[in-house]
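Spelled out from the first residue to the last, the chains are:
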Amino acid sequence: MNPGVPTENRVGRSVGIIGAGRLGLVVARHALASGYQVRITASAAPGRPLERLGPRVTVTSPSSVAEGVEVVILAVPFHRFRELPLGCLAGHIVVDAMNHWPSVDETIIGFDSTTPTSVLVGRALPSDVLLVKALNHLSYHQLRDRARPPAAPDRIALAVSGDDPGAVARIEDLVTDLGFDPVAAGSLDSSDRQQPGSLLFGSILDASTMRHLLDIGAPPAGVGAGLPMSRRERRAGTPTACCESPLAAGNPNVRFRPVP
Ligand SMILES: NC(=O)c1ccc[n+]([C@@H]2O[C@H](COP(=O)([O-])OP(=O)(O)OC[C@H]3O[C@@H](n4cnc5c(N)ncnc54)[C@H](OP(=O)(O)O)[C@@H]3O)[C@@H](O)[C@H]2O)c1
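What you are looking at is a predicted structure, and each value in this text was computed from that prediction instead of being measured.

Trainee: Sorry, what's going on with the side chain of Thr 60 here?
Mentor: Inspection of the secondary structure puts Thr 60 in strand β3 (residues 57-60). Only 2.4 Å separates the side chain of Thr 60 from the side chain of Ser 64, close enough to count as a polar contact.

This is how it looks when you write it as structure tokens:
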């Protein structure tokens, strides 16, 4: 783990996480490494990995996870979020890190696949929640392995979408602290641009490439989509440039890299 730089003024910040699964634990570890206090839920098996996270972690219930924190991250399977005590999130900034996966999320009665899922989430939340979509478009192992200090040349970008500029700015700060470059990606109405099936989803991109993709929906000049990785890149397990999009190319061995 190599998260963002912990700074004096960030120590003491806190975050709540609902869901201590694959995503929730990675986010918790990066937040702790940046000096945050973490409140995290464990519905079934308290202990084990959570205990090893250290003294700045409070394991709690979904109904009390929001106590004393400004930001709560939803990291449960999409089809489960309506079971949460959503009223407890009133007045908070809530990060929707969830994705709808048909194979995992069963058939949700009345599910509207034409509406961005964060808009659906927002309709179920108290009206004074400031909802932001973030932390959803890379896999937990990409998020685990690709966090970097701010000046690192291979620092990658995470998209942040939301309707409230103050809440978006706050989550941009959080994303920075977690070890990534935040890119403002627009409103919740357009947050399907970071959902499964989008060009951003699963793509390792630097911030300027991500902004370009969001602006014009295509890679910038000089960056080719679908170029096979070199043998050296495959051996190293990472492309030489910090732009890769297995999903966009539809092939895990095909990534963005600079056109020679
Ligand atoms: N995995 C990834 O790479 C990744 C990346 C980005 C976004 N996401 C999204 O993040 C969400 C979580 O994915 P995940 O892979 O972390 O799932 P996961 O490993 O299955 O963990 C889900 C967590 O949610 C908890 N949970 C489920 N229902 C709950 C409820 N009603 N109340 C409280 N806690 C509940 C589970 O606790 P119990 O096991 O104790 O029930 C578990 O700790 C999904 O929406 C996914 O699409 C995942």
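Trainee: When you look at the nonpolar core in this model, what are you seeing that I'm missing?
Mentor: The tendency in soluble globular proteins is for nonpolar side chains to be buried side by side. Counting 39 residues, the largest nonpolar core has Val 38, Ile 73, Leu 135 and Ile 171 as the members making the most contacts within it. Elements represented by at least two residues in this core include exactly β1 (14-18), α1 (22-33), β2 (37-41), β4 (71-74), β5 (93-96), β7 (157-162) and α4 (165-178). Among the elements that make up this core, the one with the highest residue count is α1 (7 residues). In this structure, Val 38 is in contact with Val 15, Ile 17, Ala 28, Ala 31, Leu 32, Arg 56, Val 57 and Thr 58, ignoring residues within four places of it in sequence. Listed in part, the 20 residues of the second largest apolar core include Leu 89, Val 119, Val 121 and Val 129.

Trainee: Is there a simple way to think about the pairing of β4 in this case?
Mentor: The alternating pattern of β4 places Val 71 and Ile 73 and Val 72 and Leu 74 on opposite faces, both of which are buried. Inspection of the sheet shows β1 paired to β4 by 4 bridges, in the parallel sense. Each residue of the ladder has a partner; that of Ile 18, found in β4, is Leu 74. Across 4 bridges, the pairing between β4 and β5 is parallel. Paired with Val 72 across the strands is Val 94, a residue of β5.

What counts and what doesn't
Residues numbered from 1 in each chain as written. Predicted model: local features only at pLDDT ≥ 70, side-chain atom pairs only at ≥ 80, totals over all residues. Heavy atoms only, no water. Helix = DSSP H or I, 4+ residues; strand = E, 2+ residues; numbered from the N terminus. Polar contact = N/O pair within 3.5 Å; in protein donor to acceptor, adjacent residues only side chain to side chain. Core = buried A, V, L, I, M, F, W, Y, C linked by side-chain atoms within 4.5 Å. Buried < 20%, exposed > 50% of the residue type's maximum accessible area, 1.4 Å probe, protein only. Contact = heavy atoms within 4.5 Å. Pairing = 2+ DSSP bridges.

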